[in-house]
Amino acid sequence: MKYTPAKPPITGETLDSLTERLREQGEPTFRAKQILEWVYKKRARSWDEMTNLPKPLRAWLDATFDFFPAKLVLGKQSTDVTDKLLLELSDRSLIETVIIRAPQDGVGIEHSRKTICISTQVGCAMACAFCASGLAGLKRDLNAGEIVAQLLNVCYREDALTPRARMELASFDNIVVMGMGEPLANYDNLIRALTILNAPWGLGFGARRITISTSGLVPKILKLADEPLGFRLAISLHGATDEVREKIMPVNKAFPLEKLIPAISAFSEKHGRMVTLEFILIEDVNDSIAQAEALADIARDLHAHVNLIPYNTVEGLPWKRPSVQRQEDFANVLRAVRVPVTLRREKGHDIDAACGQLRLKTEKDRDALAV
Ligand code: SF4
């Protein structure tokens, strides 16, 4: 489960840890800031670009750290607003990172608001019945550097030759930790990575624009509530009663709604901000009016926003998306009692909701070719 790469990624270093490594090496400690500035601000693509560092130091960095721990191997563009990137790690594991664009009136899609959805594990142990990422179980946790590197992969583009062009291409508005894996099951690496993304010497990305999504690991939600950085929280609920939730989310056995709901409440009280309840609508599983009413009660008590996501078929799984009328009927129950609700419509989310499929397919192809 634990993987130690031959060389640790530079993107897993904090200012303190890198300063310490340089001190041990007999280098001046101010070099740590210079190095991180090249990585995050100037978006260097090689050690050789770090021209204000002496050559022997660049050679040491090259021998000590992995510059690109997550390499882009495939980019897939959906019909409208979503791009999916398949990244290969140093042990050849594959992970997915998704770019989701929110179309705005009068603005071309290339200038629309961008959300980056990142992964935290290779596979997932949570075994949610509807999810492609959980189909093959958990392979391993990502280290902090691999989590951070997903963002840098979005920032880098082969055609962006100057630091300024890289910065322009790097602009995105939100990060959601909602890709492959259960983020809170990889807690320490997650927090280290988000600290690096947030820090002024790192990517400088505001904590309020970072959302962590969990299937409901109650002790970790309570731990997250105590973190000094105020990240946003989303809960993959997908069932508004224990009976329904348990059918599709095994995590509900350990943390049923009577434990989960107070933990969400404690989080939002501590951070004073609205939590999002994610609810994938699956035909004849959780799309009844009774489920909508139960969900409305939960959302009202928690002052939560509800995000309804019509299910997208996953190869090898039997579940289906409800009709548009049924989706609307469900949403109307929530609207009637003034619960803030979003019903996703964009086609591009097909590859977003079916997270994990691109990786599974590529792994199968690779096995077939034995490469
Ligand atoms: S939905 Fe999330 S928590 Fe559940 S198996 Fe898939 S990746 Fe894991």
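Everything below is about the structure printed above this text.
A few points on the structure. All figures in this text were calculated on a predicted structure; none of them were measured in a lab. (Residues numbered from 1 in each chain as written. Predicted model: local features only at pLDDT ≥ 70, side-chain atom pairs only at ≥ 80, totals over all residues. Heavy atoms only, no water.)

**Overview of the overall build of the chain**
Working step 1: Assigned secondary structure in the chain consists of 14 helices and twelve strands.
Working step 2: Expressed as a percentage of its 371 residues, the buried residues of the chain come to 55%.
Working step 3: Once local pairs closer than 6 in sequence are excluded, the contacts in the chain between residues at least 24 apart make up 65%.
Working step 4: Accessible area for the chain stands at about 16,600 Å²; split by element, carbon and sulfur atoms hold 53% of it. (Helix = DSSP H or I, 4+ residues; strand = E, 2+ residues; numbered from the N terminus. Buried < 20%, exposed > 50% of the residue type's maximum accessible area, 1.4 Å probe, protein only. Contact = heavy atoms within 4.5 Å. Areas by Shrake-Rupley, 256 points an atom, 1.4 Å probe, with all protein chains shown as cover.)

**A short note on the environment of Met274**
Working step 1: Mapped onto the elements, Met274 comes out in the loop between helix H10 (257-271) and strand E10 (276-281).
Working step 2: When the C-alpha positions of Met274 and Leu233 are compared, they lie 8.2 Å apart, and in sequence the two are 41 residues distant.
Working step 3: Those residues in contact with Met274, other than ones at most four positions away along the chain, are Arg232, His303, Ala304, His305 and Pro340.

**Here we look at the site of the ligand**
Working step 1: Around the ligand, the neighbouring residues are Cys124, Met126, Ala127, Cys128, Cys131, Ser133, Gly134, Gly181 and Ser215.
Working step 2: Grouping the constituent residues of the shell around the ligand by class yields five nonpolar, four polar and no charged. (Near = heavy atom within 4 Å. Nonpolar A, V, L, I, M, F, W, Y, C, P; charged D, E, K, R; others polar.)

**Points about the packing of helix H6 (residues 187-198) against helix H7 (residues 218-225)**
Helix packing for two helices is described by the angle between their axes and how far apart those axes are.
Working step 1: Close contact between H6 and H7 brings their axes to 12 Å; oriented N to C, the two are set at 30°. When the axis of H6 is compared with that of H7, the two are roughly parallel. Crossing handedness for the pair H6 and H7: right-handed. Within the contact between the two elements, H6 uses Tyr187, Asp188 and Ile191 and H7 uses Lys220, Lys223 and Leu224.
Working step 2: A per-class count over the contact of H6 with H7 returns three nonpolar, no polar and three charged. (Axes fitted to C-alpha atoms, helices over the stretch in contact; angles between N-to-C directions. Parallel < 35°, antiparallel > 145°, perpendicular 65-115°, else oblique. Left-handed = near helix turned anticlockwise from the far one by under 90°.)

**Quick word on the packing of aromatic side chains**
Working step 1: Evaluation of the coordinates by the stated rule reveals four aromatic pairs.
Working step 2: Arranged with centres 4.7 Å apart and planes meeting at 80°, the rings of Trp47 and Phe67 form a pair that is edge-to-face. With Trp47 in the loop between helix H2 (30-41) and helix H3 (55-64) and Phe67 in the loop between H3 and strand E1 (70-77), this pair connects stretches of sequence that are 20 residues apart. Judged on exposure class, the residue Trp47 and its partner Phe67 are both buried.
Working step 3: For the pair Phe67 and Phe68, a centre-to-centre distance of 5.1 Å together with 70° between the ring planes defines the contact as edge-to-face.
Working step 4: Taking relative accessible area as the criterion, Phe67 reaches 10% and is therefore assigned buried.
Working step 5: Three or more aromatic residues joined by ring pairs make a cluster, and in this case those are Trp47, Phe67 and Phe68.
Working step 6: The ring of Trp38 carries Lys42 above its face, with NZ or CZ at 4.0 Å from the centroid.
Working step 7: The ring of Phe205 carries Arg209 above its face, with NZ or CZ at 4.1 Å from the centroid. (Phe/Tyr/Trp six-rings, centres within 6.5 Å; stacked < 30°, edge-to-face > 60°. Lys NZ or Arg CZ within 6 Å of the ring centre and 35° of its normal.)

**Focus: the nonpolar core**
Working step 1: Counting residues in hydrophobic clusters, the biggest one holds 105 residues, and the most contacted among them are Leu277, Leu295 and Leu308.
Working step 2: Those residues in contact with Leu277 that sit more than four places away from it in its chain are Ile235, Leu237, Ile264, Leu295, Ile298, Ala299, Leu302, Ala304, His305, Val306 and Asn307. (Core = buried A, V, L, I, M, F, W, Y, C linked by side-chain atoms within 4.5 Å.)

**Regarding the side chain of Glu13**
Working step 1: Summarising the element assignment, Glu13 is placed in the segment before helix H1 (15-24).
Working step 2: Among buried charged residues, Glu13 stands out as having no salt bridge; its nearest opposite-charge side chain is Arg192, 4.6 Å away.
Working step 3: Among the polar contacts made by the side chain of Glu13, one reaches the side chain of Ser17 at a distance of 2.8 Å.
Working step 4: Leaving out residues up to four positions away in the same chain, Glu13 has contacts with Leu18, Arg21, Leu36, Phe65, Arg192, Ile196 and Trp201. (Lys, Arg positive; Asp, Glu negative; His and termini not counted. Salt bridge = Lys/Arg side-chain N within 4 Å of Asp/Glu carboxyl O. Polar contact = N/O pair within 3.5 Å; in protein donor to acceptor, adjacent residues only side chain to side chain.)

**Side note on the pairing of strand E11 (residues 305-310)**
Working step 1: Where burial is concerned, most of E11 is hidden: five out of the six residues are buried.
Working step 2: For E10 and E11, the ladder comprises six bridges, and the chain directions are parallel. From the neighbouring strand, Thr276 faces E11, where its bridge partner is His305.
Working step 3: In this fold, the crossover linking E10 to E11 by way of helix H11 (residues 289-302) has right-handed handedness.
Working step 4: Inspection of the sheet shows E11 paired to strand E12 (residues 341-343) by three bridges, in the parallel sense. (Pairing = 2+ DSSP bridges. Right-handed = clockwise from strand over helix to strand, strands pointing away.)

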